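# Close look at the chain arrangement
In case you want the letters, here they are:
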Amino acid sequence: MSNPNSVRVRFAPSPTGFLHIGGVRAALYNWLYARKNGGEFLLRIEDTDLERSETRYTEDFLKSLKWLGLQWDEEPLFQSKRLDLYKKRADELVEQGHAYRCYCSEADVEAMRERAMAAGQKPQYDRTCRERKTPPPGASTYVIRTKTPLEGFVEFEDLIRGTIRFENADLDDFVLIRSNGAPTYNLSVVVDDVASRMTHILRGDDHINNTPKQLHLYRFFNYPVPKFAHLPMILGADKKKLSKRHGAVSANAYRAEGYLPEALLNFLARLGWSHGDQEVFSVDEMVQHFSFDHVQKSSAVFNTEKLLWLNGTHIRNTTAERLLGIVIEDFAEFFDPETSARIDTAIGVELVRLIQPKVKLVKELAEQLVPLCKPGQLEVDVATIKWGKDPGMKSVVQAAVRHFIELVSKKVEAAPQTPRKGKDAVWGSSPSLGDLGMSHQDVDALMRQVGEQHGIKLGELAQPMRAALTGKLVSAGLFDVLTVLPWELSESRLKRIENF
Ligand code: GLU
Ligand code: ZN
């Protein structure tokens, strides 16, 4: 049994769509608050809308939350399995005089609303059945409504917005059980928040108008009212509520793009919350510093550029081993089996380490890694190579490359036949220049020397070499790649420049 005073919070999504960014932020703030306070973070699937709820969305929630590392502490609760309980609680409220059965038809209620509006009042139910002792003759179906006090007000201290007050007269005798026996959101949510002994309710501010109704239900159920924090909305760059129009909005879509979970969490934590002017947070730092004192009231604008920048930063802050694992797990479709076997090696890790500082998405990393790890020749778009202003330059550059290959090959032949350091069998037995003791600087110096001898700039020599070696004009550093790839492979690729 946990400490009865400890923080208990929950994330309670409805499985009517994939886990989206707003949901992730609600889950994150709850999770951070629980972790920070040594409390419990629970997951509840609000699948009472049997028509719109789908198992695939629930599966997406579980998978996405796991990917994000927002682990829940108890078995998730499924509301669809608790329908009898909600009905029972509503019947108890009727017995206790907090609620009543209303036999008016939907058409009756609609007519009441219209009459109220015509009289310049709020469109509300007119409370016809509030004091009814017996059902009207012939009535079979009913809804259960609350006996909301006719006067007075309810108020609560929102951890973000301060005191919020609602007049009871505005709340209506709201429905708890529909005519088909299904609970309304306000009933099921409070029954479960009571049953799960919630201490704090942290959710999107689209629920702010539900909170006064829920306050009455807590009172009916005799449960100490939890503390509330309503998180401001997330807006797109056009200041409209974030939606599919703004591009990827599901957590899984971000994963497929090559975002790291901690980058997404960092971004969402900072969206509306601050800790001084720190921008980059590890997950541990977020837990350490999180508090509602520094959550802003106004809605936050989703800035894709910033998310991308943060992702690049977190890519640089993590290990090449982990990134390689992500590439293999999430971008497997990029590789044929032969290439894949070469990726999952120590050379693969070294190559990731070279690419890592240059990319902002793991997907980009995967794209640059594939050609480096492929056995044999690459497809090169020769037309994109610039050989210099003078058409005669091409043959000069080709001669320089030939010269470079000769010089390196001599070194390789002269090297003692020591076993290769990189012990990756699938890459063959040829040593890399690094294995022969050549550093980034040595390769740089050698290329400069060759360039000078042939009267061309380093860039003019490097461009076709980069294209032949990496299949791309933008890649990890050429010198570095040369020190890591087995020379036999580099040599065969560089030799093709002869025919470009
Ligand atoms: N199922 C509700 C939603 O997804 C949860 C609201 C709450 O946290 O109370 O918006
Ligand atoms: Zn009625």
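Note that the structure is predicted; figures quoted are calculated from it, not measured.

Okay, the coordination of the zinc ion (ligand 2) next. The protein atoms that coordinate the zinc ion (ligand 2) are C102 (SG), C104 (SG), Y125 (OH) and C129 (SG), at distances of 2.0 to 2.4 Å. Geometry at the zinc ion (ligand 2) is tetrahedral, judged from its 4 donor atoms and the angles of 96 to 123 degrees they form at the metal. Of note, the donors binding the zinc ion (ligand 2) are all from one chain and are spaced C-x1-C-x20-Y-x3-C.

The 3 strands lie next to each other as β1-β2-β3, forming an open sheet whose pairing is parallel. Each edge of the open sheet carries a strand with a single partner, namely β1 (8–11) and β3 (77–78). In this structure, strand β2 (residues 40–45) lies alongside β3, joined through 2 bridges in parallel fashion. Within β3, the position partnered with I45 by the bridge is F78. Helix-sheet contacts for helix α1 (residues 21–36) involve β1 and β2, and the interaxial angle to β1 is about 165 degrees.

On to the nonpolar core. L351, L369, F404, M447, M465, L482 and L494 are the most contacted members of the largest nonpolar core, which has 62 residues in total. Broken down by secondary-structure element, the contributors of at least two residues to this core are α11 (320–330), α13 (346–355), α14 (362–373), α15 (393–414), α16 (440–453), α17 (458–470), α18 (478–484) and α19 (487–495). Per-element tally for this core: the top contributor is α15, with 8 residues. Not counting residues within four places of it along the chain, the set of residues in contact with L494 comprises V401, F404, I405, M465, A468, L469, L482 and W487. The next biggest cluster of nonpolar side chains, apart from the first, holds 51 residues, and it includes A27, L242, F292 and L361.

Along the chain, the position of D424 falls in the loop between α15 and α16. At 2.7 Å, the side chain of D424 and the backbone nitrogen of I347 are in polar contact. In this structure D424 touches T345, A346 and I347, once residues within four positions along its chain are discounted.

Let us look at the packing of α11 against α13. It is the contact of α11 with α13, at a shortest axis distance of 9 Å, that shows an interaxial angle of 105 degrees. The angle between the axes of α11 and α13 places the two elements in the roughly perpendicular class. Each of A320, E321, L323 and L324 in α11 lies in contact with α13, whose residues at this interface are G348, V349, V352 and R353. Classifying every residue of the contact of α11 with α13 gives 5 nonpolar, 1 polar and 2 charged.

Below, the discussion takes up the pairing of strand β10 (residues 227–231). Most of β10 is tucked away: 4 of the 5 residues are buried. Handedness of the crossover is the feature at issue here: the chain leaves strand β9 (residues 200–204), passes through helix α6 (residues 211–220), returns alongside β10, and the resulting connection is right-handed.

As a structural note, the neighbourhood of ligand 1 is formed by R10, A12, P13, S14, E46, Y185, V189, R203 and H207. R203 is positioned with one of its side-chain polar atoms (N or O) 2.8 Å from an oxygen atom of ligand 1. A distance of 2.7 Å is found between an oxygen atom of ligand 1 and a side-chain nitrogen or oxygen belonging to H207. If ligand 1 stood free it would expose 300 Å²; the protein chains cover 80% of that surface.

Next up on the list: the pattern of salt bridges. Scanning the entire structure with this criterion turns up 31 salt bridges. Of the charged contacts, one joins K87 and D91 as a salt bridge, the two residues approaching to 3.2 Å between their closest N and O atoms. Residue K87 and its partner D91 are located together in helix α3 (residues 83–95), separated by 4 residues, close to a single helical turn. The exposure class of K87 is partly exposed, given its relative accessible area of 23%. In this structure, R127 and D173 form a salt bridge, with 3.3 Å as the shortest nitrogen-oxygen distance. One end of the pair, R127, is in the loop between α4 (106–118) and β5 (143–146); the other, D173, is in the loop between β7 (162–167) and β8 (175–177), with 46 residues separating them in the sequence.

What follows concerns α11. Among the residues of α11, A320, L323, L324, I326 and V327 are the ones counted as buried. Buried residues in α11, looked at end-on, bunch into an arc of 160 degrees, giving them a common side. Next to the buried residues of α11 lie α10 (304–317), α12 (337–343), α13 and α14.

Bringing the environment of V9 into the picture now. Looking at where V9 falls in the secondary structure, it is placed in strand β1. On a C-alpha basis, the gap between V9 and H200 in space is 5.5 Å, while along the polypeptide they are 191 residues apart. Apart from residues lying up to four places away in sequence, V9 is in contact with N30, Y33, A34, E40, F41, L42, M198, H200 and L202.

Analysis parameters
- Residues numbered from 1 in each chain as written.
- Chains lettered and ligands numbered in written order.
- Predicted model: local features only at pLDDT ≥ 70, side-chain atom pairs only at ≥ 80, totals over all residues.
- Heavy atoms only, no water.
- Donors = N, O, S within 2.8 Å, 3.2 Å for Na, K, Ca; no water.
- Tetrahedral: all angles 85-135°; square planar, octahedral: opposite > 155°, others 65-115°.
- Pairing = 2+ DSSP bridges.
- Helix = DSSP H or I, 4+ residues; strand = E, 2+ residues; numbered from the N terminus.
- Contact = heavy atoms within 4.5 Å.
- Axes fitted to C-alpha atoms, helices over the stretch in contact; angles between N-to-C directions.
- Core = buried A, V, L, I, M, F, W, Y, C linked by side-chain atoms within 4.5 Å.
- Buried < 20%, exposed > 50% of the residue type's maximum accessible area, 1.4 Å probe, protein only.
- Polar contact = N/O pair within 3.5 Å; in protein donor to acceptor, adjacent residues only side chain to side chain.
- Parallel < 35°, antiparallel > 145°, perpendicular 65-115°, else oblique.
- Nonpolar A, V, L, I, M, F, W, Y, C, P; charged D, E, K, R; others polar.
- Right-handed = clockwise from strand over helix to strand, strands pointing away.
- Near = heavy atom within 4 Å.
- Areas by Shrake-Rupley, 256 points an atom, 1.4 Å probe, with all protein chains shown as cover.
- Salt bridge = Lys/Arg side-chain N within 4 Å of Asp/Glu carboxyl O.
- Arc of directions from axis to C-beta.

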